[in-house]
Amino acid sequence: GLGDVYKRQLLDRLLNKTTKLLAIASMLLLSNSLYAGHHEAGEKMSSPPAKVESLSWMTGAWIGELAPGVFLEENWIKPAAGTIVSAVRMFGEAGTSMVEIVHIEEVGNTLELHIQQWNPLFEERAPAQKMRLAAITKNSVNFTAAEDGGISELGYSLIDDEFQIHVTPKEGDKLIIKLAAND
């Protein structure tokens, strides 16, 4: 009835407002993939040596509330066969609003990250993006955009029991998304 329509409109408006920041970050994350495989003159091509096994600290289920009633969930599968993979879901009372796959693989003696997002109907939000390893420590990893685009860095860290996602747009301030174990 009319009450259900009003509730749905209210939930849709709430989800739209509370996910605006993440939506902007997501668009920035994926906006630099237009020239996949293209390398600019003078682009830094070297990355530190690393193996995916050094990212085993990422393994597990992580969740955090991005805004009231809006959650981000990341599920990292333990490293195997030169890769580590995460299935990501953003959801709220109105349902799932985004699905994402993050795939980190060994390329040569270093790591590359590939990220792709879809809406709940698995329609691509933007082309996949490739990033290169910039830095790695015992409990942190940082990637830089492989091509010019909207995001300059994407990183992950584990600080005590808090899993953090660090997003730095090409222009603007770093965004830190904080997640906890989802046991």
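## Overview of the pattern of salt bridges
For step 1, the next point in the chain: Tallied over the entire structure, the rule returns two salt bridges.
For step 2, the next point in the chain: Across the pair E106 and K51 runs a salt bridge whose closest N-O atoms are separated by 3.8 Å. Taken as a pair, E106 in strand β4 (residues 95-107) and K51 in the loop between α2 (20-30) and β1 (60-67) lie far apart in primary sequence, 55 residues in all.
For step 3, the next point in the chain: For K51, a relative accessible area of 46% gives the class partly exposed.
For step 4, the next point in the chain: Salt-bridge contacts for R89 lead to E73; the nearest nitrogen and oxygen are separated by 2.4 Å. Here E73 lies in strand β2 (residues 70-80) and R89 lies in strand β3 (residues 83-92), a separation of 16 residues in the sequence.

## Side note on the pairing of β2
For step 1, the next point in the chain: Relative to β2, β1 runs antiparallel, the two sharing seven bridges. Paired with G60 across the strands is W76, a residue of β2.
For step 2, the next point in the chain: Sheet topology places β2 next to β3; nine bridges connect them, and they run antiparallel. The residue of β3 that forms the bridge with F71 is F91.
For step 3, the next point in the chain: The turn linking β2 back onto β3 is made up of two residues, and A81 within it adopts a positive phi angle of 55°.

## A short note on the confidence of the model for the protein
For step 1, the next point in the chain: Chain-level statistics for the protein give a pLDDT mean of 80 and a share of 74% at 70 or above.
For step 2, the next point in the chain: Predicted confidence for residues 4-8 stays below pLDDT 50, and this span has two contacts to residues more than four positions away or in other chains.
For step 3, the next point in the chain: Contacts for the low-pLDDT stretch residues 13-44, under 50 throughout, to residues beyond four places or in other chains number 54 contacts.

## As for the side chain of E100
For step 1, the next point in the chain: Mapped onto the elements of the fold, E100 is located in strand β4.
For step 2, the next point in the chain: Here E100 occupies a buried position and makes no salt bridge, while the nearest side chain of opposite charge, R125, is found at 7.5 Å.
For step 3, the next point in the chain: For E100, the side chain forms a polar contact with the side chain of Q117, separated by 2.7 Å.
For step 4, the next point in the chain: Contact partners of E100, with chain neighbours within four places excluded, come to E74, S86, A87, V88, I115, Q116, Q117 and W118.

## Here we look at the pairing of β4
For step 1, the next point in the chain: For β3 and β4, the ladder comprises ten bridges, and the chain directions are antiparallel. What sits directly across from V85, in β4, is H103.
For step 2, the next point in the chain: Where β3 folds back on β4, the antiparallel hairpin that results is connected by two residues.
For step 3, the next point in the chain: Note that β4 and strand β5 (residues 110-118) share nine bridges and pair antiparallel.

## With respect to the packing of aromatic side chains
For step 1, the next point in the chain: As enumerated under the stated definition, the model contains six aromatic pairs in all.
For step 2, the next point in the chain: With 4.9 Å between their ring centres and 20° between their planes, W62 and F163 make a pair best called stacked. Here F163 lies in strand β9 (residues 162-169) and W62 lies in strand β1, a separation of 101 residues in the sequence.
For step 3, the next point in the chain: The buried category is assigned to F163, whose relative accessible area is 0%.
For step 4, the next point in the chain: Here the aromatic cluster, defined as three or more aromatic residues joined through ring pairs, consists of W57, W62, W76, Y156 and F163.
For step 5, the next point in the chain: Its end group placed over the ring of F91, R89 keeps NZ or CZ at 5.0 Å from the ring centre.

Basis of the calculations
Each residue is numbered by its place in its chain's sequence as written, counting from 1. Where local features are concerned, this predicted model is filtered to residues with pLDDT of at least 70; where side-chain atom pairs are given and counted, the filter is 80 or more; whole-chain, interface and lining totals use all residues. To get the side-chain values, take all heavy atoms of the structure and skip hydrogens and water. Counted as salt bridges are all cases of a side-chain nitrogen of Lys or Arg within 4 Å of a carboxyl oxygen of Asp or Glu. Here a strand is any run of E in DSSP of at least two residues, a helix any run of H or I of at least four, and the numbering for each starts at the N terminus. Think of it in three bands: with a 1.4 Å probe and only protein chains considered, a residue is buried below 20% of the maximum accessible area for its type, exposed above 50%, and partly exposed in between. The pairing criterion for strands is at least two bridges between them, as found by DSSP. Summary of the metric used: pLDDT quantifies the predictor's per-residue confidence within the range 0 to 100. Residues are treated as being in contact if the distance between any of their heavy atoms lies within 4.5 Å. For this count, His and the chain ends are skipped, Lys and Arg are scored as positive, and Asp and Glu as negative. Any pair of nitrogen or oxygen atoms within 3.5 Å is treated as a polar contact; in protein, a donor-acceptor pairing is required on top of that, and neighbouring residues in sequence qualify only through side-chain atoms on both sides. Between rings of Phe, Tyr and Trp, where Trp is taken as its six-membered ring, a pair exists when centres lie within 6.5 Å; planes separated by under 30 degrees are stacked, by over 60 edge-to-face, and by other angles tilted. Counting as a charge over the ring demands two things of the Lys NZ or Arg CZ atom: a distance within 6 Å of the ring centre and an angle within 35 degrees of the ring normal.

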